[in-house]
Amino acid sequence: MLEINNLTVEIGGRRILKGVDLNVKTGYTNVLFGPNGAGKSALLMTLMGFSGYNVVEGEIIFKGEDITNMSVSERAQMGMGIMTQRPPNMSGVKLHDLLNVISKDPKDTDILAETLDMVRFFERDVNVGFSGGEIKRSEILQLSAQNPDLILLDEPESGVDLVSIDQLGHTIKELLQKGCKCAGDRCKHGKSALVITHTGQVLDYIEADRGYILCNGTVMCSGNPREMLTDIKKQGYEECIKCKLMKK
Amino acid sequence: MQADEEMKKRAEAALGKNAAYGEDFNLDEYGIAPDNAEKADNLEELSEEDQRTLLNVGFTPSEDNRSGSLIMLDNTVTHTSLRDKDVVELMSLKDAMKKHEWVKDYMWKLVKPDADKYTAMSYLQKANGYFIRAPEGKKSKMPVQTCLLIGSKQVSQTVHNIVVVEKGAELDIITGCSAKHGIDKGLHLGISEMYVKKGATLNFTMVHNWAEQIGVRPRTVVHVEEGGTYISNYITLKPVKSIQSYPTVILEGKGAFARLNTIAVAHPGSELDLGSRVIFNAEDTKAELISRTITIGGNAIARGEMIGNANNAKGHLECHGLVLGGGMQRAIPILEANVEDIELSHEAAVGRIARDQIEYLMARGLSEEESVGMIVRGFLDVGIQGIPDELKADIDATIAMIGEKAI
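Worth saying up front: this structure is predicted, and the values here are computed from it rather than measured. (Residues numbered from 1 in each chain as written. Chains lettered and ligands numbered in written order. Predicted model: local features only at pLDDT ≥ 70, side-chain atom pairs only at ≥ 80, totals over all residues.)

Chemist: Would you mind showing me how to read the overall build of chain B here?
Modeler: When helices and strands are counted, chain B shows seven helices and 21 strands. Relative to its length of 407 residues, chain B is compact, with a C-alpha radius of gyration of 21 Å against a globular reference of 22 Å. The principal-axis extent of the C-alpha atoms belonging to chain B is close to 70 × 55 × 45 Å. Within the span of chain B, comprising 407 residues, buried residues form 55% of the whole. For chain B, contacts bridging at least 24 residues in sequence account for 84% of all contacts bridging at least 6. (Helix = DSSP H or I, 4+ residues; strand = E, 2+ residues; numbered from the N terminus. Rg over C-alpha atoms; globule rule 2.2 N^0.38 Å. Buried ≥ 20, exposed ≤ 12 C-beta atoms within 10 Å, placed from the backbone. Contact = placed C-beta atoms within 7 Å.)

And the structure:
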């Protein structure tokens, strides 16, 4: 589904990602760990093609096609979708109008909007005056309406209260695994995802297949995501950096 | 009579007086617009092109859902029809002066003839226009529509409108201003004096659709009494040479309210100098001035002024301007408090559409044009009610054009 080869990215002349290799298979959910400022969000923003993230080396292959130089729209139309940490205030753009334009199945969108208690936000300007949790609910609602094949989630649980996390977690699970009967089926027909998490809370809801640790713009390690989370909680990221240096 | 003579002298002296600011027009370059055009009783017999011109400024030739209609072509009122005779009075100003002696008491009371050369010209020409009155306590369900049309080349059209909404009455007016197809140069000078009496409401929507070489100099003052409401929506989305407009609303009675919305697009070569002014002369008065301007190569100046002269008055001014593909935006907000207990605020922002907003929508699968279009549509949407469908379609087409041009 997604293959990232030797990806090197600069923001305003500063090198943020250095030779990143990473891939996400069809139906797999991969998780990105790493300390603040490691370049995790930058990686997701680069994958979506947002301006300001300049690829100076390497390539991004999505569904077998090199998308490194494609526009944001083209990537979205090919089936990529993103939930960013801080979406912009969309003054004048009503949530309902946006959903109408992007919904693949308007009926499903309306039902989900009810479930997420977002109907009362339909006539509001997207993100304007929304709380942290409301932004996440609105984002997951939009993503579900869009129904992409590869989903990029940047800390979906941050700023969300405990009750809402449960609701959000279930919605993400539904989005990723909709219609899959079993684990085998998920790997064949499920959605792919790349998820950034600090706390690992979202892993209580979704099956994660592979974890990556990103430090200083480089992939330090990859492995079983749950084990990785336990290790990080125990010994922090310093050990990963040391480990990588020793190997060199 | 002596007073009239005196006024005439002052107006004559003011013929050389330029407006306080902005581009000047030499009135000698323009002929006087004819006042002998043929009457047009049945609007559906007008040419398709003329009907389209009317539709594009919100005027419905079929007169469906309208309580009355009036058209002024150059300096002739060519059409007047009225359905709801009980709830509204509609006629040319000249006919009104013949019918009611008191009409003159409303003329040149709010606008001074010697304010500048444009008011002086309109005064000396004894300009005709529309007279609309809602009698005490009457509420018309449907709006009155009027159209001021320039039909001759290189003329100056002079218009004088009087609107009176009597105590407790409610009135909706849609006024469209345009030039006939093929008219590229001309001048429109328009005086409007509007009176909103105690507890009355006036909902006034004005749509401008001029041509590239037309100069527009309206002079409007609105007087609102106790508990009265004045709502104005002003829309100008098409090319024009120069518009300079600065309607003033005087909130004279306790609890009076005004809201003025302006949405405008400045095309290459267009100079839009659009303002609105509210004077709070009584306690508990409130006003909101909202302006949304887009330049796609022309110049847009958004003036907004609030002068607070009475306690417990509240006003908010909002000027937002987008620069899309060249041109200039200038926001000039002015707030003046002359008493202590007053709350006036403003919010102004000019610039381009933020890249992250465009890409946010692109990441949802919209193309760049669609994204800009959606943001522009939202930007211009200030919640104007009752826009006719034809005009809505025209607004959508303009927005789509802006979306394409902006990239």
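Chemist: What should I look at first to understand the pairing of strand β18 (residues 299–308) of chain B in this one?
Modeler: Consecutive side chains along a regular strand alternate between the two faces of the sheet. Residue and element names in this part refer to chain B. Across the ten residues of β18, eight count as buried, placing the element largely inside the fold. Bridge count for strand β16 (residues 271–280) against β18 is ten bridges, and the pairing is parallel. The residue bridging Arg-277 from the neighbouring strand is Glu-305, located in β18. (Pairing = 2+ DSSP bridges.)

Chemist: Would you explain the packing of helix α6 (residues 368–380) of chain B against helix α7 (residues 389–405) of chain B in this entry?
Modeler: The description of two helices packed together rests on the angle between their axes and the distance between the axes. Residues and elements named next belong to chain B. The contact between α6 and α7 brings their axes to 8 Å, and the two run at 130 degrees. If you check the angle between α6 and α7, you find them oblique. Crossing of α6 against α7: the hand is right-handed. On α7, the residues touching Glu-369, Val-372, Gly-373, Val-376, Arg-377 and Leu-380 of α6 are Ile-399, Ala-400, Ile-402, Gly-403 and Glu-404. Each residue belonging to the contact of α6 with α7 can be placed in one class, and the counts come to six nonpolar, two polar and three charged. (Axes fitted to C-alpha atoms, helices over the stretch in contact; angles between N-to-C directions. Parallel < 35°, antiparallel > 145°, perpendicular 65-115°, else oblique. Left-handed = near helix turned anticlockwise from the far one by under 90°. Nonpolar A, V, L, I, M, F, W, Y, C, P; charged D, E, K, R; others polar.)

Chemist: Sorry, what's going on with the environment of Ser-245 of chain B here?
Modeler: Residues and elements named next belong to chain B. Locating Ser-245 in the fold gives a position in strand β13 (residues 242–245). When the C-alpha positions of Ser-245 and Ile-191 are compared, they lie 11 Å apart, and in sequence the two are 54 residues distant. Residue contacts for Ser-245: discarding those within four places in its chain leaves Pro-218 and Leu-274.

Chemist: Would you explain the interface of chain B and chain A in this entry?
Modeler: One frequently used descriptor of interface size is the decrease in accessible area upon assembly of the parts. Listed by partner, the interface residues are 18 residues for chain B and 20 residues for chain A. Elements with a contribution of two residues or more to the side of chain B that touches chain A: α5 (355–362) and α6 of chain B. At six residues, α5 of chain B tops the list of elements feeding residues into the side of chain B that touches chain A. A per-class count over the side of chain B that touches chain A returns eight nonpolar, four polar and six charged.

Chemist: Please clarify how helix α5 (residues 132–146) of chain A should be interpreted in this entry.
Modeler: It helps to recall that an α-helix has 3.6 residues per turn; residues three or four apart then point in one direction. Residue and element names in this part refer to chain A. Helix length check: α5 (15 residues) gives 21 Å between terminal C-alpha atoms against 21 Å at 1.5 Å per residue, within 8%. Across the 15 residues that make up α5, a large majority, eleven, are buried. Those residues of α5 that sit buried are Lys-136, Arg-137, Ser-138, Glu-139, Ile-140, Leu-141, Gln-142, Leu-143, Ser-144, Ala-145 and Gln-146. Check the buried side of α5 and you find it contacts β6 (80–83), α3 (95–102), α4 (106–115), β8 (125–126), β9 (150–154) and α6 (162–177). (Expected span 1.5 Å × (residues − 1).)

Chemist: What am I meant to see in the pairing of strand β9 (residues 185–196) of chain B here?
Modeler: Residues and elements named next belong to chain B. Here β9 lies mainly inside the structure; eleven of its twelve residues are buried. The pairing of strand β7 (residues 155–165) with β9 spans eleven bridges and is classified as parallel. Across the sheet, the residue bridging to Asn-161 is Ser-192, located in β9. Relative to strand β11 (residues 213–224), β9 runs parallel, the two being bridged by twelve bridges. Looking at the pairing, Glu-193 lines up with Val-221 of β11.

Chemist: So what exactly am I meant to see when it comes to the sheet that holds strand β15 (residues 257–266) of chain B here?
Modeler: In a beta sheet, neighbouring strands pair by backbone hydrogen bonds and run either parallel or antiparallel. All names here are of chain B. Read from one edge of the open sheet, ten strands run β3-β2-β6-β8-β10-β12-β15-β17-β19-β21, paired in mixed fashion. The outermost strands of the open sheet, each flanked by one partner alone, are β3 (76–82) and β21 (342–351). Ignoring which end each strand starts from, the neighbouring axes of this sheet average 5 degrees apart. Strand direction decides the pairing type here: strand β17 (residues 286–295) and strand β19 (residues 313–323), joined by ten bridges, are parallel. Of the residues in β19, the one forming a bridge with Arg-292 is His-320.

Chemist: How should I be thinking about the nonpolar core in this particular structure?
Modeler: In summary, soluble globular proteins display a tendency toward joint burial of nonpolar side chains. By size, the foremost hydrophobic cluster in this structure holds 187 residues, and its most contacted members are Val-165 and Leu-251 of chain B. Counting residues per element, this core draws most heavily on β15 of chain B, at seven residues. (Core = buried A, V, L, I, M, F, W, Y, C linked by C-beta atoms within 7 Å.)

Chemist: Which parts of the structure should I look at to understand the environment of Ser-73 of chain A?
Modeler: On the secondary structure map, Ser-73 of chain A appears in helix α2 (residues 72–78). Taking C-alpha positions, Ser-73 of chain A is 13 Å from Pro-148 of chain A, a pair spaced 75 residues apart along the chain.

Chemist: Looking at this model, I keep getting lost on the sheet that holds β6 of chain A. Mind explaining?
Modeler: Residue and element names in this part refer to chain A. Strands sit in the order β6-β9-β10-β3-β11-β12 across an open sheet of six strands; the sheet is mixed. Two strands close off the open sheet at either side, each with one partner strand: β6 and β12 (218–223). Direction aside, neighbouring strands of the sheet carry axes that sit 20 degrees apart on average. Judged from the five bridges that link them, β9 and strand β10 (residues 192–196) form a sheet pairing that is parallel. Bridged to Asp-154 within β10 is Ile-196. The sheet contacts of helix α8 (residues 225–235) involve β3 (29–33), β11 (210–215) and β12, and relative to β11 the element is tilted by about 40 degrees.

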